[in-house]
Each structure stands twice: as C-alpha cells, then as structure tokens.
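# Commentary on secondary and tertiary structure
So the chains spell out like this:
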Amino acid sequence: MSGSSDSEVDVLIVGAGPAGLMLALWLSRLGVKTRIVDKRTDKVFSGQADGFQIRTLEILDSFGVGERVWKEANHMIEVSFWNPDENGTIKRNNTAPDNMPGMSRFTECVLHQGRMEAFFMDAIAASYPHPTGVPPLKVERMVLPTSLSIDESKADDDDAYPVTVTLRHLTEEEATPTQKLSNLSDGLFRSNLAGDDVEAMLQKSEARGGAREETIKAKYVVGCDGAHSWTRKALGPDYEMQGEMTDYIWGVLDIVPITDFPDVRNRCMIHSASNGSLMIIPRENKLVRLYIQLSEVSTGQGRFDRSKITPELIFNAARKIISPYKLDYHYCDWWTAYQIGQRVGNHFSKHDRVFLAGDAVHTHSPKAGQGMNVSMGDAYNLGWKLGLVCKNVMQRSILSTYELERKQIAKELIAFDHKFSRLFSGRPAKDILDETGVSMEEFSKAFEMSHMFTSGVGVDYSPSALVSKPEEQRLIPEEDDQEIKSDQQAVPSNAQSTLDLATHCKPGTRFPSFQVVAQSGARPWQLHHKMPSDGRFRVFVFGGDVSQASQRDLVNTFAAELSAGVITKAPKASLSPGADPHAGTLRFKMDQPPSVIDVLLVHNAKRMEIETLRDLHEVYHPFDSKLGWDYDKVFVDGESYHDGHGHAYEGYGVDPQKGAVVVVRPDGYVGLVTSLDEAGRKEVEKWFGGVLRMA
C-alpha cells in the first residue's frame, strides 16, 4: 500500500446515504470538524427509498430543505383498499386518508432518494463559511474503511481521539457494483438478496497493488453504511443484528404505467384471491412504484437465489394480481427484489465512541415507508448530541441517550412491521370461518391505527436527563397486548415536569407547530419556523395576558431569574450562515455569538397594548452592539390580518390564566414542562444543569 498518512477529525461518518448526509448536515451547521466517506462512486440516481413521512418533512424543513422536497414530490392524500369479492375479482372496498387530518402542515409524499441527497449537499454547502473556521464538508467517494480500533483507556477522556480507522482509496472500477442487466437500473446489489460486496472490492484493490491508505484518529465514528454495515461487523459479534427472515419475496418496479386501473394515482393496497398482493405508490414524473409479492418464488428456508428474479418475472406477477385490469409500460426506471426480514441490533454504540445508525442497526420491510425516515431519524437524534459534545457545549454523558431513545424506536418499528408485513403478505380470508386467511377488515383497521406511528409524529422518548417525565411502559399502537419497556439506562433528570400545564406538550414527543403572530411586524409564523436546527435549545414562555400588571411581572421576573441563573452561565452557539433558513442567509455578523439557550415569549394580550422594549425584560429582546435589539422573540396568539387565528394556546393545551414554560431540545422534542413561578424557574435550572457544561 502506498503513502499512509495520519490526520485527526472530530467525527468520521461511514456511508453517504440519507442517514449519513443528515448527520453530516447537522455537524456542518454546528461547525464540527467532520469527514464523510462512501464506498460507492456517486449518489443514487434511480430507485431506492422514496417515501417522506410527516415528521421527516418537519425535520427537513428545520434545515430549509423540506419545502424543496414538498414542491417536487407527489403528495399522498388517499389510500385505496382493493380485495377479492365472492367471485375472486378485485374490487375497491374502502378508501381512507393517507394521513390523519390535522397532524401537521405536511402530509406523506414521495420523491426519488437521489433528489433528497442533492438537497442535503446544497444545505451542507449553505452552512459555510462557518464562523468556527472549519473547512467545508464534502463527500469523499470510493473510500472504504479496512480497520477500526478503540483505545478503551482513552474512551472517557473528552479531549482524546480514541478511535483509529484505516481508509483505503479505491479506483472507479473497484467501487462500481456489478449490475445484473446493463440496460436497466438494478437495485439488487443493495438488496438483502445480495451478499456483501466489500470483500470483492478489497480483493480487486489488493490485486491492483499500490492503493493509497490513510489512518484517521477520530473522537467519534458513526456507521451509516447500510444493512451490510462494515462498521457493525468491525465492532465484533456482539453487534450482530437479531431477528428473522420471512418466506416472502417481494419485487419492486418503478415504471410509467399504461393501465386502465382507476386508482393508479392513489396509494393502493391490493390483495388478490390467489396471486399474492400488490402495493401501488404514485410518484413524481408520472412514475409509479409497484411492490409485488412474488408468490411463485417462496423461499421455504434461507435466502433465495437472486439470479432467478428478473423485471419480467416481477411485472408478470403484478399483471396477475391486478387482473382483470390491463397493465403495461414503456419506461422502467429501476427495479429490485428483497426478502422481508425484521432485525435489530443489540447495541447501537460502543463506549459512546462508535455509533450505528439506520439500516446498519435495524432492517425491516419497506412497505410502511419507514426505512429512510427512521434512518434519518437516527441521524437527526445523534447529530446535535455529537455536535454539541464536540463543541464542549453539552456533557458527554448525554450521548448515552442515543441508544436509549433510538433502540426503543427500532424495537417498536420491528414489532409494527412484523404485524403489518404479514397482514399485507397473507392470503385474504374467504369468509369469517377462514381462520388461516387475513381479515381484510383487520388489515384496513391496522393501517388506519398506524398513522401516529408511521408518520413519525408518535415518537415518544423514554425518561432521561433530556426528557423529564415519569417512567412509563411503551405500548405499540398496533399490538393490543404487547408492551415494550426500554432495556437501556441513561443519565436521569433531576428536574420534574408539571404535565397538566401544557397538556399537548408531552416530554419526549415532538413539540407541535401552531400559527402565532409576530409582536413586531404582525407577520403570522408557524412556531416551528422559529426553531430551526441550529443546535440551540428553546425555552417557550407562554405568558398569558401580559397587559395585566401581575402577569407581566411574573413573566419578567421569570426572565430575570432565568438570565441570572442559567443563560449567563450557559455556553455560546456560533451560528452558520444557513442557521435560520426561514429568515434567509445570515449576512451580518453578531458582536458575540448568542447563548445556546433561545428564549421566546408567546402571550395572548392584545398586540397593540404591548411595547416590546418598554414592557418586557431584555431576555425577550436581546441586544447586540452591531445588530441592535432582536425584535423576533415575542409572539401573540391572536388574529392575523390574512391567515386567521392559530389558537396556539388551545393547540398546546395551555391555560392562559396559568401560563407555562416548555423547554424544547435542539431536535424539536419536549424536554420539560413547568410553571412560570420561582419553582418552575428552579426546575429549568436543574434541567439545564444536567445537560449543559455550565460556567
């Protein structure tokens, strides 16, 4: 091997798919020295994941990416259920909304994964030049790790670089996967029907000789490198995923259909009498994705020989299922096949120095639209924690909450997918006496009940230093009898929430968004747009009617004590140029970086009765010698001129007579709910004292 070199990096990301790029975007926004490597030659251009759930779109919007996806994507509004009648002919017997109305300003939509990856790269580029001076982050392709070791004696040293990784730089020939058919984009090489191709890549590289290798010293390494994860394997047998593979083989085709099937532009669940099942996902650019059960090639035991699966086999199976309707195509954009399996890793991290995310640590069927979303959810959860620890803003012990929170979600996902995939793949019951068949009424009910889970809105994290709430058991919505308790331990919180003060702001769940009106300028805002993913914690003060002297004094006293006891002791946060995508690029530099704690006031007094600088404490309008006072921290729950009333207090479950304080983590999840009085201020101080490195 030629020219070995050594370098240090705070975070090394292995894998540049959606999870790796989500993590890279977080670290770019936070100004962390990062490298991201990928064994492939380029990003995805066809096929792969395409579904974006509600919560994922909200997260992407917090980075300024969500609207780009929303504009290009096909929006999924309705789902149709087709089942065999008494004669065995498929008929539409039910329709339902794809998402429950009122959950979010977004609905589920579908767009090619490659567009998402391009949007990520644009957002990463918009993060620079970063005020911390870190160089711009770029994906290093055709790079493969070959060894990984952890110096356990340095694992607890905050300033150490205990992880050593050797990287090998490949040629384009070595990094290009073999496709089964040269004339069609083939996704089989990424499918679980295919073996891992890393060894073949390394053998080619060894045969060539003279390949360049380098040694990296890292504080942290994150494996976002898919179901065949090299990183997971490098951590040893204790990190193998556990679970099962079913007998069901499914094919996938992305085509522009020529068909008389009336619901081809709806999401459809089709059960045939004897030819298996089919899911239709209408996509952008007139494309339609077909998930087709290949009932003729059941596996029996073990994996199936993928050489027997062709696009023609998959398409002919779809034709049989959709009969008597006609189905043909001229354009096929991509195809693949996979075997349904539900597997999850026992461990998501090692010494909180090497982490696994996405398919590297959990796999399942793709038909519930969870794969890319849960993978990006892993990276979104981990990114700000790693970034703020690297910036010495947050205590390193907080990293233990990654496994606590995301393993719990993965276990619930596997349990949900276990039931849903079997309902979808099973033979329809012929009548109520058919005990071995699947009840179509049960299937439809399971789909409708799954909305909170599949949308991502129902994510509910366990108690920890970041989530102040009582211990509770977790009930998977689709499993009537099965309760899952967390098997992880994390640093507990010393703070106590008062849950009845904001009944719709449950700690551990995502802070919802409602419209409020800016005190200065009268512009209506979704409150989510005032909490971009910039690494800052938000303290939302619901102050009630601050035109009343007693309430105004309470709100201002809370701010004064919060400033003296917490904000002045909290670290600062350097903001990237792209930190606030809904306010435009940050052109002008502040005299000093702002506090990592951002305080926003939402009152419900008459707007014209309040003067921000005269009536409210400076915490609600911080001053900068270069930029002046910040008028963008005070909002009214009131009527806007053009967009009506947002009824935010009602939406958040806050009594205007009592008010409330809600502490929200940088990832938009509620950490603490408390009161405006002295007792509440102490709870806020205890909560931040268990999370931040206070002066």
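Residues numbered from 1 in each chain as written. Predicted model: local features only at pLDDT ≥ 70, side-chain atom pairs only at ≥ 80, totals over all residues. Heavy atoms only, no water.

The protein has the name Phenol 2-monooxygenase in an unreviewed UniProt entry, where Pestalotiopsis fici is given as its organism.

## Some details on helix α4 (residues 113-125)
Stated formally: Think of it this way: any DSSP run of H or I at least four residues long counts as a helix, any run of E at least two long counts as a strand, and we number them from the N terminus. Given the number of residues in a helix, its expected span is that number minus one, multiplied by 1.5 Å. Buried residues are those whose accessible area, probed at 1.4 Å on protein chains only, stays under 20% of the maximum for their type, while exposed residues exceed 50% and partly exposed ones sit between those limits. We call two residues in contact whenever any of their non-hydrogen atoms come within 4.5 Å of each other.
Taking 1.5 Å of rise per residue, 13 residues should cover 18 Å, and α4 covers 19 Å from first to last C-alpha, within 8% of that figure. When we look at burial in α4, the residues that qualify are Gln113, Gly114, Met116, Glu117, Ala118, Phe119, Phe120, Ala123 and Ile124. Elements in contact with the buried residues of α4: α1 (18-30), β3 (51-52), α2 (54-62), α3 (66-72) and α9 (371-390).

## So, the side chain of histidine 528
Turning to its location among the elements, histidine 528 is positioned in the loop between β23 (524-526) and β24 (537-544). Judged by its relative accessible area of 8%, histidine 528 is buried.

## Describing the packing of α1 against α4
We count it as follows: Helix axes use the C-alpha atoms of the stretch in contact, all axes being lines fitted to C-alpha atoms, and the angles between their N-to-C directions lie in the range 0 to 180 degrees. For this classification, under 35 degrees means roughly parallel, over 145 means roughly antiparallel, 65 to 115 means roughly perpendicular, and everything else is oblique. The handedness criterion is simple: a crossing whose near helix is rotated anticlockwise from the far helix by less than a right angle is left-handed, and one whose near helix is rotated clockwise is right-handed. Gly is placed with the polar residues, together with every amino acid not listed as nonpolar (Ala, Val, Leu, Ile, Met, Phe, Trp, Tyr, Cys and Pro) or charged (Asp, Glu, Lys and Arg).
At their nearest, the axes of α1 and α4 sit 9 Å apart, and the two run at 15° to each other. Considering the angle they form, α1 stands roughly parallel to α4. Between α1 and α4 lies a crossing whose hand is left-handed. Each of Pro18, Leu21, Met22, Ala24, Leu25, Ser28 and Arg29 in α1 lies in contact with α4, whose residues at this interface are Gln113, Glu117, Phe120, Met121, Ala123 and Ile124. Among the residues forming the contact of α1 with α4, the class breakdown is 9 nonpolar, 2 polar and 2 charged.

## Here we look at the side chain of aspartate 352
Its location among the elements puts aspartate 352 in the loop between β17 (349-350) and β18 (354-356). If near-sequence neighbours (up to four positions away) are discounted, aspartate 352 is found in contact with Tyr220, Arg396, Leu399 and Ser400.

## With respect to the nonpolar core
For the record, the criterion: Here, the term nonpolar core denotes a set of buried Ala, Val, Leu, Ile, Met, Phe, Trp, Tyr and Cys residues that are joined through side-chain atoms within 4.5 Å. A domain assignment, automatic or from a database, supplies the domain bounds used here.
Phe52, Val69, Phe537, Ile597, Tyr620 and Phe688 are the most contacted members of the largest nonpolar core, which totals 123 residues. Counting residues per element, this core draws most heavily on α9, at 10 residues. Of the domains in this structure, domain 1 (6-76 + 106-243 + 342-425) and domain 3 (509-690) are the two that each give at least three residues to this core. Contacts of tyrosine 620, omitting those with residues within four sequence positions, involve Val541, Val555, Asn556, Phe558, Ala559, Val599, Leu601, Asp630, Lys633 and Val634. If you look at the next biggest cluster of nonpolar residues, it comprises 26 residues, including Phe261, Val264, Leu327 and Cys332.

## Some words on unusual backbone geometry
With an omega dihedral of 0°, the bond running from tyrosine 128 to proline 129 counts as a cis peptide bond. The topology assignment puts proline 129 in the loop between α4 and β8 (139-141). Of note, the bond from serine 323 into proline 324 is cis; its omega dihedral lies within 30 degrees of zero at 20°. Residue position: proline 324 is located in the loop between α8 (311-322) and β16 (327-345). For alanine 522, which is not glycine, the phi dihedral falls at a positive 65°.

## Things to note about the packing of α2 against α9
As a packed pair, α2 and α9 sit with axes 10 Å apart at the nearest point and diverge in direction by 45°. In this view, α2 runs oblique relative to α9, as classed from their interaxial angle. α2 and α9 meet at a crossing whose hand is left-handed. For the pair formed by α2 and α9, the contact residues are Arg55, Thr56, Ile59 and Ser62 on the first element and Asn373, Met376 and Tyr380 on the second. Residue classes in the contact of α2 with α9 are distributed as 3 nonpolar, 3 polar and 1 charged.

## So, the sheet that holds β23
Convention followed: Two strands are counted as paired when DSSP detects at least two bridges linking them.
In spatial order, the strands read β23-β22-β28-β25-β24-β31-β32; together these 7 strands make up an open sheet with mixed pairing. The strands lining the two open edges of the sheet, one partner per strand, are β23 and β32 (670-674). On average, each strand axis in the sheet is inclined to that of its neighbour by 30°, with strand direction left out of account. Bridge count for β24 against strand β25 (residues 597-603) is 7 bridges, and the pairing is parallel. What sits directly across from phenylalanine 537, in β25, is isoleucine 597. Contacts from helix α16 (residues 678-689) reach β24, β25, β31 (660-664) and β32 within the one sheet, and its direction differs from that of β32 by about 160°.

## Notes on helix α6 (residues 198-208)
Counted only if it meets this: In this context, the arc is that of the directions from the helix axis out to the C-beta atoms.
Looking only at α6, the buried set comprises Val198, Met201, Leu202 and Ser205. Projection of α6 onto a plane perpendicular to its axis shows the buried side chains occupying an angular sector of 95°, all on one side. In α6, the exposed positions angled more than 90 degrees off the buried face are occupied by Glu199, Gln203 and Ala207. The secondary structure elements touched by the buried residues of α6 are β9 (143-150), β10 (163-169), α5 (172-175) and α7 (230-234).

## Focus: the confidence of the model for the protein
Let me state the cut-off plainly: For every residue, the predictor assigns a confidence score, pLDDT, that lies between 0 and 100.
Predicted confidence across the protein gives a mean pLDDT of 87, with 84% of residues reaching 70 or more. Contacts of residues 299-303 to residues separated by more than four positions or lying in other chains number 11 contacts, the stretch itself having pLDDT below 50.

## What to know about the environment of aspartate 637
Going by this rule: Here a polar contact is taken to be a pair of N or O atoms separated by no more than 3.5 Å, where protein atoms must pair a possible hydrogen donor with a possible acceptor and residues adjacent in sequence count only if both atoms sit in side chains.
One can find aspartate 637 in the loop between β28 (634-636) and β29 (639-640). In this structure aspartate 637 comes out as buried when scored by relative accessible area, which is 10%. Taking the C-alpha atoms as reference, aspartate 637 lies 9.6 Å from glutamate 650; in sequence the two are 13 residues apart. The residues contacting aspartate 637, other than those within four sequence positions of it, are Val602, His603, Asn604, His645, Gly646, His647, Ala648 and Tyr649. From its side chain, aspartate 637 meets the backbone nitrogen of alanine 648 in a polar contact 2.9 Å long. A polar atom in the side chain of aspartate 637 sits 2.9 Å from the backbone nitrogen of tyrosine 649.

## Observations regarding the pattern of salt bridges
Defined as follows: Between Lys or Arg on one side and Asp or Glu on the other, a salt bridge is scored when a side-chain nitrogen of the former is within 4 Å of a carboxyl oxygen of the latter.
Counted according to the given criterion, the structure contains 40 salt bridges. As a salt-bridge pair, aspartate 598 and arginine 538 come within 3.3 Å of each other at their nearest N and O atoms. Note that aspartate 598 is positioned in strand β25 and arginine 538 in strand β24, a separation of 60 residues in sequence. For arginine 538, a relative accessible area of 3% translates into the label buried.

## Examining the pairing of strand β14 (residues 277-282)
Among the 6 residues of β14, 6 are classified as buried, and the element is accordingly described as predominantly covered. As defined by bridge partners, strand β13 (residues 267-271) adjoins β14 across 4 bridges and the pair is classed as antiparallel. Bridge pairing in β14 places cysteine 268 opposite isoleucine 280. Where β13 hands over to β14, the hairpin turn is made up of 5 residues, of which glycine 276 adopts a positive phi near 95°. In this sheet, strand β15 (residues 288-293) lies alongside β14 in antiparallel orientation, the contact comprising 5 bridges. If you follow isoleucine 280 over to β15, its bridge partner there is leucine 290. Hairpin connection of β14 to β15: 5 residues between the antiparallel strands, including asparagine 285 at a positive phi of 55°.

## Looking at the packing of aromatic side chains
Condition: Classification of ring pairs uses Phe, Tyr and Trp, with its six-membered ring standing for Trp, and accepts pairs whose centres are within 6.5 Å; under 30 degrees between planes counts as stacked, over 60 as edge-to-face, and the remaining range as tilted. Should the NZ of a Lys or the CZ of an Arg lie within 6 Å of a ring centre and within 35 degrees of the ring normal, that charge is described as sitting over the ring.
Using the criterion set out here, one finds 22 aromatic pairs in the structure. With centroids separated by 4.7 Å and ring planes inclined at 15°, the aromatic side chains of phenylalanine 511 and phenylalanine 540 adopt a geometry described as stacked. Taken as a pair, phenylalanine 511 in the loop between β21 (483-484) and β22 (515-518) and phenylalanine 540 in strand β24 lie far apart in primary sequence, 29 residues in all. Phenylalanine 540 matches phenylalanine 511 in its accessibility class, with the two residues each being buried. Ring centres 5.7 Å apart and planes at 80° place the aromatic pair phenylalanine 537 and phenylalanine 688 in the edge-to-face group. On the criterion of sequence distance, the pair formed by phenylalanine 537 in strand β24 and phenylalanine 688 in helix α16 is long-range, its members being 151 residues apart. A residue is classified by how much of its surface remains accessible, and phenylalanine 688, at 0% relative accessible area, is buried. Through successive ring pairs, a cluster of aromatic residues spans Phe511, Phe514, Phe540, Phe542, Tyr649 and Tyr652. Geometry around tryptophan 525 places arginine 523 over its ring, the cationic atom sitting 3.9 Å from the centre.

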